Amino acid sequence: MDKKRVEIDEDKRKDLHESFNNRISYVCKLAALVIAVVAFGSVILGQDDKTFVILGLCVSVALLAISSLQDNSGKK
């Protein structure tokens, strides 16, 4: 069977790529915010485990770094 491949022009491809990067960036920022709020909330409530708080904050920083890379990838 022949599968037809849909050709997308360059401008449309760049727009789709930028839109995808923006969505990934947004999701990473949102996840980082939720993780940081939960980590700090557990410290405030006194229900914290130092290992998990530090791990959560490290994951938040990593997600923010990923979102920063995604934001800057289209701005070359």
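Residues numbered from 1 in each chain as written. Predicted model: local features only at pLDDT ≥ 70, side-chain atom pairs only at ≥ 80, totals over all residues. Heavy atoms only, no water.

Caption draft 1: Representation of the overall build of the protein in the model. If you tally the helices and strands in the protein, you get two helices and zero strands. Across the 76 residues that make up the protein, the buried fraction comes to 17%. Working note: accessible area of the protein is about 6600 Å², and carbon and sulfur atoms make up 64% of it. (Helix = DSSP H or I, 4+ residues; strand = E, 2+ residues; numbered from the N terminus. Buried < 20%, exposed > 50% of the residue type's maximum accessible area, 1.4 Å probe, protein only. Areas by Shrake-Rupley, 256 points an atom, 1.4 Å probe, with all protein chains shown as cover.)

Caption draft 2: Broad picture of a negative patch on the surface. On the surface, D9, D11, D15 and E18 cluster together into a patch of negative charge. Mapping D11 onto the fold places it in helix α1 (residues 10-45). Given the relative accessible area of 55%, D11 is considered exposed. (Patch = residues over 30% accessible without salt bridge, like charges linked within 9 Å, V, L, I, M, F, W, Y side chains within 5 Å. Salt bridge = Lys/Arg side-chain N within 4 Å of Asp/Glu carboxyl O. Lys, Arg positive; Asp, Glu negative; His and termini not counted. Charge placed at Lys NZ, Arg CZ, Asp CG, Glu CD.)

Caption draft 3: Here's a closer look at α1. The end-to-end C-alpha distance of α1, which contains 36 residues, comes to 52 Å, matching closely the 52 Å that a straight helix rising 1.5 Å per residue would cover. All of the buried residues along α1 are N21, S25, C28, A32, A36, A39 and S42. Remark: G46 follows α1 within two positions and exhibits a positive phi of approximately 80°. (Expected span 1.5 Å × (residues − 1).)

Caption draft 4: Highlighting the environment of K29. Secondary-structure assignment places K29 in helix α1. Each C-alpha atom, one on K29 and one on S67, is 6.4 Å from the other, the two residues being 38 residues apart in sequence. When near neighbours in sequence (up to four residues on either side) are disregarded, K29 contacts L64, S67 and D71. (Contact = heavy atoms within 4.5 Å.)

Caption draft 5: Just the pattern of salt bridges, in detail. Counting across every chain of the model gives two salt bridges. E10 serves as the salt-bridge partner of R13, at 2.7 Å between the closest nitrogen and oxygen. Of this pair, R13 and E10 both sit in helix α1, separated by three residues, roughly a single helical turn. Since its relative accessible area comes to 41%, R13 is described here as partly exposed. With a relative accessible area of 43%, E10 lands in the partly exposed category. D48 serves as the salt-bridge partner of K50, at 2.9 Å between the closest nitrogen and oxygen. A residue is classified by how much of its surface remains accessible, and K50, at 58% relative accessible area, is exposed.

Caption draft 6: Focus on the side chain of N21. Topologically, N21 is positioned in helix α1. There is a polar contact of 2.9 Å between the side chain of N21 and the side chain of Q70. (Polar contact = N/O pair within 3.5 Å; in protein donor to acceptor, adjacent residues only side chain to side chain.)

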